[in-house]
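Structural overview
What follows is each chain in one-letter form.
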Amino acid sequence: GFIVRPFGALVFGRVGDVIGRKYAFLVTLLIMGGSTMAIGLLPTYEQAGVLAPILLLIMRLLQGLALGGEYGGAATYVAEHAPAHRRGFYTSFIQTTATLGLFVSLGVILVCRTQLGEEAFKEWGWRLPFLGSIVLVVFSWWIRRRLQESPVFAEMKASGKTSPNPLKESFSNPVNLRYVLLALFGATAGQGVIWYTGQFYALTFLQTTLKLHWLPAYAILTIALALGTPLFLVFGHLSDRIGRKKVMLTGCLLAILTYIPIYMAMRHFTPLLAPGQTAILWADLPAFNLTMLVGLVFLQVIYVTMVYGPIAAFLVELFPTNIRYTSMSLPYHLGNGWFGGFLPTTAFAMVAATGDIYFGLWYPIGVCVLTVVVGLVFLPETFRRNIDQ
């Protein structure tokens, strides 16, 4: 799923730049919604043999392909409607949705597992969240059908100035290709690893390395996400006042300086397993320790909001209207899908190879160092640009 995201960016980016933003993210919604619901209907291995995991893989690939086109459409659509002086604030609402989606999904799984019981959840209850997602798809489709096309794109299309080949213009033009690469290494790569460290790696570290039972681990992350989500809007608004680069690169720099101390503190405040014990339960966690763990994960979520809140406005402002969807989507999904998406696997492989539970953190730290250097030296500031030209 992570591997195919950039290909989705290319496919649907072209659709969005040639046909329209609205049409592209109507199609991506149906592909994402249909494949997600279909996972809830898949046969088991006992019923269909090897066909079952093959079908699951196909659905996961379709999800990744759709997501590759979804983000660029949403970001360009909102940014091209937003007032110029509040573009960071308006697009930061998009940025809340990834974390809110994770927050809600954790809540749904938590309810299903606790209400149905572990055995029923493993047997058939896991299907309910997938099947229930169709409600969101129908609601989103109804909303998107009523939307008007982006005024900037509509005017450009009416005047015949759309790009006949946005892929060629995006990646064969040396000037634009340079900006694509700068956006990747100077912004989205660092943003991607911080997003996945602060949310997915933190959860996996709590459960796999520190042996926390899934219930307190989910609760810690859920509380941290709930506290942190409004900060996307705060840092999006701040980027309208002082600039996108300052906010994003400060988040990267803080991650570089504090990730290892944060994870050492997480180890410190998590009790060790007793002889014969397989997981740290609620009862084993003193209230102070639980509070500290929430605070440490929340600190990582703050970094997420700093780098992720302004990124949509920054990418939209970096590229011209006629190839904007294509040009911004590729570096975004390379940064998030490849640099960020592979982070848990890469980091835990590094831990397994060395036996040092903190060694995997050098992967996001190294990527953030690259982003800070490239961003500071080469990236332009964009928050005062006129994106209608």
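Residues numbered from 1 in each chain as written. Predicted model: local features only at pLDDT ≥ 70, side-chain atom pairs only at ≥ 80, totals over all residues. Heavy atoms only, no water.

1. Some remarks on the overall build of the chain
The number of helices and strands found in the chain is 19 helices and zero strands. The C-alpha atoms of the chain give 21 Å as radius of gyration, which agrees with the globular expectation for 389 residues (21 Å, within 12%). Taking the principal axes of the C-alpha coordinates as reference, the chain spans close to 75 × 50 × 35 Å. Per-residue burial over the chain gives 50% buried out of 389 residues. Contacts spanning at least 24 positions in sequence make up 84% of the contacts within the chain whose residues lie at least 6 apart. Accessible surface computed for the chain: about 17000 Å², of which carbon and sulfur atoms make up 71%. Positive and negative charge centroids in the chain, built from 26 and 16 side chains respectively, lie 6 Å apart. (Helix = DSSP H or I, 4+ residues; strand = E, 2+ residues; numbered from the N terminus. Rg over C-alpha atoms; globule rule 2.2 N^0.38 Å. Buried < 20%, exposed > 50% of the residue type's maximum accessible area, 1.4 Å probe, protein only. Contact = heavy atoms within 4.5 Å. Areas by Shrake-Rupley, 256 points an atom, 1.4 Å probe, with all protein chains shown as cover. Lys, Arg positive; Asp, Glu negative; His and termini not counted. Charge placed at Lys NZ, Arg CZ, Asp CG, Glu CD.)

2. As for the side chain of glutamate 317
For glutamate 317, the location among the structural elements is in helix α16 (residues 311–318). A polar contact of 2.6 Å, which involves the side chain of glutamate 317, links it to the side chain of threonine 382. Excluding residues within four positions of it along the chain, glutamate 317 makes contact with Arg87, Arg244, Thr382, Phe383, Arg385 and Ile387. (Polar contact = N/O pair within 3.5 Å; in protein donor to acceptor, adjacent residues only side chain to side chain.)

3. Notes on the nonpolar core
One broad rule of soluble globular proteins: the nonpolar side chains tend to lie buried together. One finds Tyr71, Ile194, Leu206, Tyr263 and Met266 to be the most contacted residues of the largest nonpolar core, which totals 73 residues. With 14 residues, helix α11 (residues 174–209) is the largest single contributor of residues to this core. What tyrosine 71 contacts, discounting residues up to four positions off in sequence, is Ile94, Gln95, Tyr308, Ile311, Ala312, Met328, Tyr332 and His333. (Core = buried A, V, L, I, M, F, W, Y, C linked by side-chain atoms within 4.5 Å.)

4. A closer look at the packing of aromatic side chains
One pass over the full model with this rule turns up 21 aromatic pairs. For the pair phenylalanine 232 and tyrosine 308, a centre-to-centre distance of 6.0 Å together with 75° between the ring planes defines the contact as edge-to-face. Here tyrosine 308 lies in helix α15 (residues 287–308) and phenylalanine 232 lies in helix α13 (residues 230–242), a separation of 76 residues in the sequence. Taken together, the ring pairs connect Phe2, Trp195, Tyr196, Phe200, Phe232, Tyr308 and Phe342 into an aromatic cluster. Positioned over the ring face of phenylalanine 2 is arginine 60, at 5.8 Å from the centre of the ring. (Phe/Tyr/Trp six-rings, centres within 6.5 Å; stacked < 30°, edge-to-face > 60°. Lys NZ or Arg CZ within 6 Å of the ring centre and 35° of its normal.)

5. Overview of the pattern of salt bridges
The full count for this structure, using the stated rule, is six salt bridges. Arginine 324 serves as the salt-bridge partner of glutamate 80, at 2.8 Å between the closest nitrogen and oxygen. Residue glutamate 80 is located in helix α4 (residues 51–81), and its partner arginine 324 is located in helix α17 (residues 324–340); the two are separated by 244 residues in the primary sequence. Judged by its relative accessible area of 1%, arginine 324 is buried. As a salt-bridge pair, arginine 244 and glutamate 317 come within 2.6 Å of each other at their nearest N and O atoms. Pair noted here: arginine 244 is in helix α14 (residues 244–268) and glutamate 317 is in helix α16, with a separation of 73 residues, a long-range link. Across this residue pair, the class does not change: arginine 244 and glutamate 317 are buried. (Salt bridge = Lys/Arg side-chain N within 4 Å of Asp/Glu carboxyl O.)

6. Remarks on the environment of threonine 250
Of note, threonine 250 is situated in helix α14. Judged by its relative accessible area of 37%, threonine 250 falls in the partly exposed class. For the pair threonine 250 and valine 307, spaced 57 residues apart in sequence, the C-alpha to C-alpha distance is 8.1 Å. Each residue touching threonine 250, except ones within four places of it in the same chain, is listed here: Lys245 and Met306.

7. As for the environment of alanine 154
Tracing the chain through its elements places alanine 154 in helix α9 (residues 151–158). Distance in space between the C-alpha atoms of alanine 154 and arginine 21 is 9.5 Å, their sequence separation being 133 residues.

8. Things to note about the side chain of threonine 91
With respect to the helices and strands, the residue threonine 91 is situated in helix α5 (residues 87–116). Overall, threonine 91 belongs to the buried group, its relative accessible area being 0%. For threonine 91, the contacting residues outside a window of four places in its chain are Ala75, Val78, Ala79, Ala312 and Ala313.

9. Thoughts on unusual backbone geometry
Of note in this structure, lysine 211 is not a glycine but carries a positive phi near 65°. Following the sequence through the fold, lysine 211 ends up in the loop between α11 and α12 (214–228). Judged by its relative accessible area of 36%, lysine 211 falls in the partly exposed class.

10. Some remarks on a nonpolar patch on the surface
The grouping of Tyr45, Val50, Leu51, Ile54, Ile58 and Leu62 at the surface amounts to a nonpolar patch, some 540 Å² of accessible area in total. Tallying contributions element by element places α4 first for the nonpolar patch, with four residues. Along the chain, the position of leucine 51 falls in helix α4. (Patch = residues over 30% accessible without salt bridge, like charges linked within 9 Å, V, L, I, M, F, W, Y side chains within 5 Å.)

Coordinates in, geometry out; function isn't part of it.
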